[in-house]
Amino acid sequence: MESYNSFSVARQQINEAAKILNLDKATLELLITPQLETNFTLPVNMDNGDVKIFQAYRIQYNYARGPAKGGIRFHPDETVDTIRALACWMTWKTAVVDLPLGGGKGGIKCDPKSMSERELERLSRAYVRAISPLLGVDIDIPAPDVYTNPQTMAWMMDEWERIHWKHSPGVFTDKPQQIGGTEGRRDATARGGVITVREACKVWGFDPTKEYAIQGFGNAGQRAALLHKEILGGGKLVAVSDSRGAIYNKDGFDPLELVQHKLKTGSVLKFPGSKIIPHDDLLELDVEVLYPAALENAITSANAGKIKARIVCELANGPTTPEADLILYDNGIHVIPDILGSAGGVTVSYFEMVQDKYTYFWDEEVVHQRLDKKLTQAYHRVQEAIREKNVHPRLAAMVVGVARVAEACKLRGWV
Ligand code: GLU
């Protein structure tokens, strides 16, 4: 029976990479274990006068290569194991793109859609008050993730600065630009993914001007819809989905109008000219590129065999289970794994930290060029590892990331 516990999945991936790299027992044990975990509760005053207690987490998975880095999610299904897995994946993600950072992740179990703006602000500030000594530009730098955004980061940064009585904008990334954010951060995850698709098309001869589909229409999905056409010079967006449902149009959607519809109505449903299809059908469409941009475990052994896309570019974290990876590989589908395909966001977060340290900000073109260079190099490094080790793309990316982290642990004398 296939395991859907994300942290078990993450550990299985490390074990496989460790075998290929012949890692010693102590290093393996270090890498399958989070270095520092904080589980805490947040009492928050709700608008109706009640006090509600929220469960919160921050995990600094590994900081051998630099301060921990990774987003904070607000999600009703959050558990310590989802955060462990996500923190673990951030560790390999920062290493695959060769950033001087470790990996971390945080989360609050809550239903942000049912909370008011003021409640979300109190929750965000409470999170930072509870663990502020554990955060900092040289310790751990959060960013947005599922259901958090630049406004969340602005509140969190402000709270941290009030407590520590100094300006330190780089303690959170993907902030609004007026208070230390960078150009090019909002579309960076999608841009990075589309850049890797461009490279895959060059190397493997795929045709980016054919159909593409997007599962999940949050920030990354929406930006991918727009950037696919812009960067690849074509393509027909035939299907998208969000938590409320999936829609299809064989003649293609106008990505900009669809994004505007989503922002206006809160959902992709009821977009003019669209037909509702079952969620699973979207993943199984005959398209050139499929972008999973929602949550973990979307592609499993139950549906992997039915996927017809030529390229699966993962903008979400952990959308494919290990069993599904093998099926996709056997079926000749080119997977661009999350730790590569979604690495654009953290790459520009790193650029934001650098600019905040210098208090000197780059033009948008500079951010785009530097992101392009990082992601292109990382894509080709992973392709080399696929050839060298004769393994599927996720394992190759893991091998690149795990090797770099293991080396840093060794150099520090930890193992
Ligand atoms: N939440 C994003 C990710 O999963 C960005 C993390 C960051 O910028 O620190 O990659």
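In this report, the structure presented in the accompanying data block is examined. Not measured: the values here are computed from a predicted model.

## Observations concerning the overall build of the protein
When its secondary structure is counted, the protein shows 14 helices and 12 strands. Expected size for 415 residues packed as a compact globule is a radius of gyration near 22 Å; at 20 Å, the protein falls within 12% of this value. Its C-alpha atoms give the protein principal-axis dimensions of roughly 55 × 55 × 45 Å. Split into buried and exposed, the 415 residues of the protein put 60% on the buried side. A fraction of 71% describes how many contacts in the protein between residues 6 or more apart in sequence connect residues 24 or more apart. Counting 49 positive and 52 negative side-chain charges, the protein places the averaged centre of each group 1 Å from the other.

## Considering the side chain of Lys-262
Among the structural elements, Lys-262 can be located in helix 8 (residues 255-265). What makes Lys-262 buried here is its relative accessible area of 15%. Within the structure, the side chain of Lys-262 is placed 3.1 Å from the side chain of Asp-242, a separation counted as a polar contact. Residues contacting Lys-262, with those up to four places away along its chain left out, are Phe-217, Gln-222, Asp-242, Ser-267 and Val-268.

## Structural notes on helix 5 (residues 150-164)
An α-helical turn contains 3.6 residues, so a residue and the one three or four places further along point in the same direction. Taking 1.5 Å of rise per residue, the 15 residues of helix 5 would be expected to cover 21 Å, and the 21 Å separating its terminal C-alpha atoms lies within 8% of that figure. Structurally, helix 5 contributes buried residues whose contacts are with strand 3 (68-75), helix 4 (117-131) and strand 5 (140-144). Two or three places before Gln-151, at the start of helix 5, stands the capping residue Asn-149, its side-chain oxygen 3.0 Å from that residue's backbone nitrogen. Residue Trp-165 follows helix 5 closely and has a positive phi angle near 60°.

## Some thoughts on the pattern of salt bridges
A complete count under the given rule lists 33 salt bridges for this structure. For Glu-352, the salt bridge identified is with Lys-175, shortest N-O distance 2.7 Å. Here Lys-175 lies in the loop between helix 5 and helix 6 (188-204) and Glu-352 lies in helix 12 (residues 344-358), a separation of 177 residues in the sequence. Across the pair Lys-236 and Glu-211 runs a salt bridge, and its minimum N-O distance is 4.0 Å. One end of the pair, Lys-236, is in strand 7 (residues 236-242); the other, Glu-211, is in strand 6 (residues 211-215), and 25 residues separate them in sequence. The network of salt bridges with shared partners includes Arg-118, Glu-121, Arg-125, Arg-129, Asp-158, Glu-159 and Arg-162.

## A short note on the environment of His-279
Examined against the element boundaries, His-279 turns out to sit in helix 9 (residues 279-283). With 14 residues separating them along the chain, His-279 and Thr-265 place their C-alpha atoms 19 Å apart. Sequence-distant contacts of His-279, that is, excluding residues within four places in its chain, are made with Ser-241, Asp-242, Ser-243, Gly-245 and Ala-246. There is a polar contact of 3.1 Å between the side chain of His-279 and the backbone oxygen of Asp-242.

## Comments concerning the sheet that holds strand 3
The strand order 1-2-4-3-5 describes an open sheet built from five strands, whose pairing is mixed. Where the open sheet ends on each side, the last strands, each with one partner, are strand 1 (36-45) and strand 5. Neighbour-to-neighbour, the strand axes of this sheet turn through a mean angle of 20°, independent of strand direction. Of the pairings in the sheet, the one linking strand 3 to strand 4 (residues 103-109) comprises four bridges and is parallel in character. Within strand 4, the position partnered with Ile-72 by the bridge is Gly-106.

## Points about the packing of helix 12 against helix 13 (residues 364-389)
Following both chains from N to C, one finds helix 12 and helix 13 inclined at 130°, their axes separated by 10 Å at the closest point. Between helix 12 and helix 13, the angle falls in the class oblique. For the crossing formed where helix 12 meets helix 13, the hand is right-handed. For the pair helix 12 and helix 13, the contacting residues are Gly-344, Thr-347, Val-348, Phe-351 and Gln-355 in the first and Val-367, Arg-370, Leu-371, Lys-374 and Leu-375 in the second. Residues of the contact of helix 12 with helix 13, tallied by class, amount to five nonpolar, three polar and two charged.

Conventions and cut-offs
Residues numbered from 1 in each chain as written. Predicted model: local features only at pLDDT ≥ 70, side-chain atom pairs only at ≥ 80, totals over all residues. Heavy atoms only, no water. Helix = DSSP H or I, 4+ residues; strand = E, 2+ residues; numbered from the N terminus. Rg over C-alpha atoms; globule rule 2.2 N^0.38 Å. Buried < 20%, exposed > 50% of the residue type's maximum accessible area, 1.4 Å probe, protein only. Contact = heavy atoms within 4.5 Å. Lys, Arg positive; Asp, Glu negative; His and termini not counted. Charge placed at Lys NZ, Arg CZ, Asp CG, Glu CD. Polar contact = N/O pair within 3.5 Å; in protein donor to acceptor, adjacent residues only side chain to side chain. Expected span 1.5 Å × (residues − 1). Salt bridge = Lys/Arg side-chain N within 4 Å of Asp/Glu carboxyl O. Pairing = 2+ DSSP bridges. Axes fitted to C-alpha atoms, helices over the stretch in contact; angles between N-to-C directions. Parallel < 35°, antiparallel > 145°, perpendicular 65-115°, else oblique. Left-handed = near helix turned anticlockwise from the far one by under 90°. Nonpolar A, V, L, I, M, F, W, Y, C, P; charged D, E, K, R; others polar.

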